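Each chain, letter by letter, is given below.
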Amino acid sequence: MKKRKELILQIKNIHKSFGENEVLKGISFDVFKGETKVIIGPSGMGKSTLLRCINQLTIPEQGSIWLRDQEVTHHNVREMNRFRQKIGMVFQDFNLFDHLNAIRNVEIALIKVKGMKKDEARDKGMQELKKVGLGKQALLYPAELSGGQKQRVSIARALAMDPEVMLFDEPTSALDPELIGEVLGVMQKLAKEGMTMVVVTHEMGFARSVADEIIFLEKGRLLESGPPGKLFYQPKYQRTKKFLFKLTELYGDIDGEKT
Amino acid sequence: MENFIVIYQALPFLLQGIITTLGLVLSALFLGFIIAVPFSVGQVYGSFWIKKLIGIYVWFFRGLPILVLLFLFYYGLFNMIGLNLSAFMAAVLVLGLRSSAYQAQIFRGSIQSLGQGQMLAAQSLGMSKWKAIWNIIVPQALRISIPGWSNEYPAMLTESAVTYAIGVMEVLTRGNFIASRTYRPMPIYLTCAIIFLILSYSGMKILHVLETKVRIPGFEE
């Protein structure tokens, strides 16, 4: 698939510390339209923090984020809320609104944030739920859904806002192994349809088959990045090789099967 | 036999007290609720000084005996600022403010038990903090609060009898009045006690129905 190189997201020199601990030490990369970036790296090395800096749930100390030609960082709260609508986010532990059923989860932001009419929001919400294969579960509450279904509702909830880019923060890490496939399937479909995505994951099968570029974060720095083929077979650093080997051993090989 | 006649004669007078007692309890609970919701939100999401101020408020109203509060407000403060309130209104205010301190703590606990994820998810969709609090946090926190909140009703009901001290014409005040006239404390106070027990029981029943009505499907009891 040939890509038009349309710049969607720019991450420029992001720094973030928690107390003494500097978890991000100047991260920069670009995301183009339709591209899937996969971020990997050891736990506790700032991958989730980086995603949260992108939609300003965490405010970085230094650096800037750009959505197309507009700066996301350094704005007042109102502007920030406007940008967040355009940046969808999927969380590791779903964070569905437990008091609302699936369809209400998807439509609430359409009504309360976008000011859509109720029936209009319901149509749009149903459309998104069907897209993730949950049309029939629309009236069930989060506590009545499986983990995989919950995560798919949360993807539908983010998609309903028509975001320019989707951020996934370890979307399958809280799932039982047999439920991971359905979520990855939805993400794969999204990528194919041309959604721009930034994904933090340990699923190497997914990274190998879907990612346009893999970014390896270590100790708060971007150690190495490149297309999967290059990172898997000719990594620049020994460290990258070792980490990928470990992940593959733990989470299955490059075709997504356990070795 | 004479006891029954005393009760029979006193009953209409005592039963009128139910209106006052229930009116007092429900108004005070309502007033407490109206104050407690924003205060509990303020205690979790407010700035440093808002948290501090609410903390002092809660400490004050929970730290003083109810009688001290009643006297302090009814004979002291309201007089001083020239606020001419009936004993009933004063009692509603004092019991309501006191209840708000307790209710705020119940709601605060529920809000904190929700976890940060709900707020993050709401914000990630572009909701402002206040929209998220109103649409996502508060509805869930109130549901979680119902079992704990159910204690507020019998607590308030039993506490309401203290307003006898400033002459609110509730059940006990009326009972006291008759007992001192007929010199038959036992049947009269027993009747008062039964009235309180019936009020307490039926109130709890209603709260339980409410709890099952708003329960979120799929959650265990």
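What this report covers is the structure whose coordinates are included nearby. (Residues numbered from 1 in each chain as written. Chains lettered and ligands numbered in written order. Predicted model: local features only at pLDDT ≥ 70, side-chain atom pairs only at ≥ 80, totals over all residues. Heavy atoms only, no water.)

When helices and strands are counted, chain A shows nine helices and ten strands. The globule rule puts the C-alpha radius of gyration for 259 residues at 18 Å, and the 18 Å found for chain A is close to it. Split into buried and exposed, the 259 residues of chain A put 56% on the buried side. Counted over contacts in chain A with a minimum sequence separation of 6, partners at least 24 positions apart contribute 64%. (Helix = DSSP H or I, 4+ residues; strand = E, 2+ residues; numbered from the N terminus. Rg over C-alpha atoms; globule rule 2.2 N^0.38 Å. Buried < 20%, exposed > 50% of the residue type's maximum accessible area, 1.4 Å probe, protein only. Contact = heavy atoms within 4.5 Å.)

Turn by turn, an α-helix covers 3.6 residues, leaving residues three or four places apart pointing in a common direction. All names here are of chain B. With 29 residues, helix α9 (residues 185-213) extends 42 Å between its outermost C-alpha atoms, agreeing within 8% with the 42 Å of an ideal straight helix rising 1.5 Å per residue. Within α9 the residues assigned to the buried category are P187, I188, T191, C192, I195, F196, L199, S200, G203 and L207. On its buried face, α9 is in contact with α1 (2-45), α6 (129-149), α7 (152-160) and α8 (171-182). (Expected span 1.5 Å × (residues − 1).)

Residues and elements named next belong to chain A. Tallied over the entire structure, the rule returns 14 salt bridges over all chains. E128 is the partner of K124 in a salt bridge, and the nearest nitrogen-oxygen pair spans 3.1 Å. You can see K124 and its partner E128 sitting in helix α4 (residues 118-131), four residues apart, about one turn around the helix. There is no split in this pair, since K124 and E128 are both buried. E128 is the partner of K131 in a salt bridge, and the nearest nitrogen-oxygen pair spans 3.5 Å. Highlighted residues: K131 and E128, both in helix α4, separated by three residues, approximately one helical turn. The exposure class of K131 is partly exposed, given its relative accessible area of 35%. Owing to a relative accessible area of 2%, E128 belongs among the buried residues under this scheme. Residues joined by salt bridges that share partners form a network here, namely K124, E128, K131 and D162. (Salt bridge = Lys/Arg side-chain N within 4 Å of Asp/Glu carboxyl O.)

Glancing now at the sheet that holds strand β4 (residues 62-67) of chain A. By way of backbone hydrogen bonds, the strands of a sheet pair with one another, either parallel or antiparallel. Residue and element names in this part refer to chain A. The four strands lie next to each other as β2-β1-β4-β5, forming an open sheet whose pairing is antiparallel. In the strand order of this sheet, the two ends are held by β2 (21-32) and β5 (70-71), each with one partner. Pairing of strand β1 (residues 7-18) with β2 involves nine bridges; the strand directions are antiparallel. From the neighbouring strand, L9 faces β2, where its bridge partner is V31. Set on the sheet, helix α1 (residues 47-54) makes contact with β1, β2 and β4; between it and β1 the angle comes to about 125°. (Pairing = 2+ DSSP bridges. Axes fitted to C-alpha atoms, helices over the stretch in contact; angles between N-to-C directions.)

Our focus in this paragraph is the interface of chain A and chain B. On the chain B side, the residues contacting the 24 residues of chain A number 21 residues. Of the roughly 2,000 Å² buried between chain A and chain B, counting both surfaces, carbon and sulfur atoms make up 66%. On the surface where chain A and chain B come into contact, there are zero salt bridges. Put simply, the parts of the chain that give the side of chain A that touches chain B at least two residues each are α2 (77-86), β6 (87-90), α3 (102-112) and α5 (147-159) of chain A. Broken down by class, the residue content of the side of chain A that touches chain B amounts to 13 nonpolar, five polar and six charged. (Buried area = accessible area lost by both parts, 1.4 Å probe. Nonpolar A, V, L, I, M, F, W, Y, C, P; charged D, E, K, R; others polar.)

Let's shift gears to the nonpolar core. L9(A), L129(A), I155(A), F168(A), M187(A) and M197(A) are the most contacted members of the largest nonpolar core, which has 144 residues in total. For this core, the element with the highest residue contribution is α1(B), accounting for 13 residues. With residues up to four places along the chain from it excluded, the contact list for L9(A) reads F29(A), D30(A), V31(A), I54(A), I65(A), W66(A), L67(A), V165(A) and V198(A). (Core = buried A, V, L, I, M, F, W, Y, C linked by side-chain atoms within 4.5 Å.)

The subject of this paragraph is the pairing of β6(A). Residue and element names in this part refer to chain A. Where burial is concerned, the two faces of β6 agree: the one with I87 and M89 and the one with G88 and V90 are both buried. Pairing geometry for β6 and strand β7 (residues 165-169), over four bridges, is parallel. Pairing of G88 across the sheet is with M166, part of β7.

Residue and element names in this part refer to chain A. Of the two faces of strand β8 (residues 197-200), both are covered, the one formed by M197 and V199 as well as the one formed by V198 and V200. Bridging between strand β3 (residues 36-40) and β8 involves four bridges; their strand directions are parallel. Each residue of the ladder has a partner; that of K37, found in β8, is V198. In the classification by handedness, the crossover that spans β7, the intervening helix α6 (residues 177-192) and the parallel β8 is right-handed. (Right-handed = clockwise from strand over helix to strand, strands pointing away.)

Turning next to the packing of helix α3 (residues 66-80) of chain B against helix α4 (residues 87-113) of chain B. All names here are of chain B. Running from N to C, α3 and α4 cross one another at 130°; their axes reach a closest spacing of 10 Å. In terms of axis orientation, α3 runs oblique to α4. Regarding α3 and α4, the two cross each other, and that crossing is right-handed. Two secondary-structure elements touch here, α3 through I66, L69, L70, F73, Y74 and F78 and α4 through A87, A90, A91, L93, V94, L95, L97 and R98. Among the residues forming the contact of α3 with α4, the class breakdown is 13 nonpolar, no polar and one charged. (Parallel < 35°, antiparallel > 145°, perpendicular 65-115°, else oblique. Left-handed = near helix turned anticlockwise from the far one by under 90°.)

Here the focus is α6(A). Residue and element names in this part refer to chain A. In this model, α6 (16 residues) spans 23 Å end to end at C-alpha, consistent with the 22 Å of a helix rising 1.5 Å per residue. Buried within α6 are the following residues: L179, I180, V183, L184, V186, M187, L190 and A191. The arc that holds the buried residues of α6, viewed along the axis, is 155°, so those residues lie on one side. Among the exposed residues of α6, those pointing more than 90 degrees away from its buried face are E178 and K192. Residues of α6 that are buried sit in contact with β3, α5, β7, β8 and α7 (204-210). Phi turns positive one or two residues past the end of α6, at G194, with a value near 95°. (Arc of directions from axis to C-beta.)

On their own, these measurements won't tell you what the molecule is for.
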